[in-house]
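Structural characterization, general
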Amino acid sequence: MRIVFIGPPGAGKGTQCGRLTERLGIPHLSTGEMLRGTERNSPLGKIVASYIDHGRLAPDYLVLPIVTQRLSEADCLGGCLLDGFPRTVNQAEKLDQFLAENAWKLDVVLNLTVPSEVLIARLLQRAEQENRADDTDETIAARLEIFRTQTAPVLDYYQQQKLVKSIDGSKNPDEVFELICQAVG
Ligand code: ADP
């Protein structure tokens, strides 16, 4: 199965993707984790940090090769769960092209929805617990705005392909996971 997981920052994508990949036995590809994993003191890492530390999207020339390279690795040939990608319609189009070149396709796009006041509360709490450089008031606002303007259109793009299933992410993690399992069948 090839699954795309979409949800605003703080929706619980990381938690649910962790559970789902275990259940389905497919790798979890988080572009946020891949980008944060770039050595911060390297020249490339400095460029990456200059975007993500401010809640801005990393440019496609950095993100696209990372994703397509990873998708070509042996453990992804049987399927994978994409978390945090695609985040723009351009990325979605590039992903479709890449999948088509390999005679692959997406099976489902999961849309995890959570009201924005709940998101903000969760993100501020995570900021205290995890000390992530991008969990500050300002960057949280920037990331939510980018989601609204750039990533929400990706859902429209996939609606046209009839791939989207929406999940209520405001319930507790076990209940959300149950809904996700039902959606993927
Ligand atoms: P969150 O769910 O809080 O948005 P992620 O770990 O998914 O966190 O992403 C963290 C940051 O990594 C994003 O704010 C963005 O700067 C960068 N990033 C992740 N995925 C992409 C992508 N597909 N394109 C561009 N930038 C990305």
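Provided above is the structure to which this section pertains.
All values reported here derive from a predicted model rather than from experimental measurement. (Residues numbered from 1 in each chain as written. Predicted model: local features only at pLDDT ≥ 70, side-chain atom pairs only at ≥ 80, totals over all residues. Heavy atoms only, no water.)

Following the criterion strictly, the structure yields ten salt bridges and no others. Through salt bridges with shared partners, one network takes in Arg126, Asp134, Asp135 and Arg143. (Salt bridge = Lys/Arg side-chain N within 4 Å of Asp/Glu carboxyl O.)

This part covers the pairing of strand 3 (residues 80-83). Of the two faces of strand 3, the one holding Cys80 and Leu82 and the one holding Leu81 and Asp83 are both buried throughout. In terms of strand pairing, strand 1 (residues 2-6) meets strand 3 through four bridges, oriented parallel. Each bridged residue has a counterpart across the sheet, and for Phe5 the counterpart in strand 3 is Asp83. Note: strand 2 (residues 28-30) against strand 3, three bridges, orientation parallel. By the bridge assignment for strand 3, Leu29 is matched with Leu82. (Buried < 20%, exposed > 50% of the residue type's maximum accessible area, 1.4 Å probe, protein only. Helix = DSSP H or I, 4+ residues; strand = E, 2+ residues; numbered from the N terminus. Pairing = 2+ DSSP bridges.)

Attention now goes to the site of the ligand. Surrounding the ligand, one finds 19 residues, the nearest of these being Thr31, Arg56, Gly84, Arg87 and Arg143. Take Lys13: an N or O atom from its side chain is 3.1 Å from an oxygen atom of the ligand. In this structure, a nitrogen atom belonging to the ligand sits 2.9 Å away from a main-chain N or O atom of Gly84. The site holding the ligand turns out to be the largest pocket. Per element, the largest residue contribution to the shell around the ligand is four residues, and it comes from helix 2 (residues 31-36). (Near = heavy atom within 4 Å. Polar contact = N/O pair within 3.5 Å; in protein donor to acceptor, adjacent residues only side chain to side chain. 1 Å grid on protein atoms, 1.4 Å probe; cavity = no way out; pocket = protein on both sides within 12 Å on 5 of 7 lines; lining within 4 Å. Sits in = over half its atoms within 2 Å of the grid points.)

Okay, the nonpolar core next. The tendency in soluble globular proteins is for nonpolar side chains to be buried side by side. Among the nonpolar cores identified, the biggest contains 30 residues, and Leu82, Leu95 and Tyr158 are the most heavily contacted of them. Counting only elements with at least two residues in this core, the list comes to strand 1, helix 3 (43-52), helix 4 (60-71), strand 3, helix 5 (89-101) and helix 7 (137-160). In contact with Leu95, other than residues within four places in its own chain, are Val4, Leu71, Leu82, Phe85, Pro86, Leu106 and Tyr158. Listed in part, the 22 residues of the second largest apolar core include Ile3, Ala11, Val108 and Ala183. (Core = buried A, V, L, I, M, F, W, Y, C linked by side-chain atoms within 4.5 Å. Contact = heavy atoms within 4.5 Å.)

Note that every value here comes from positions in space, so none of it alone points to a role or purpose.
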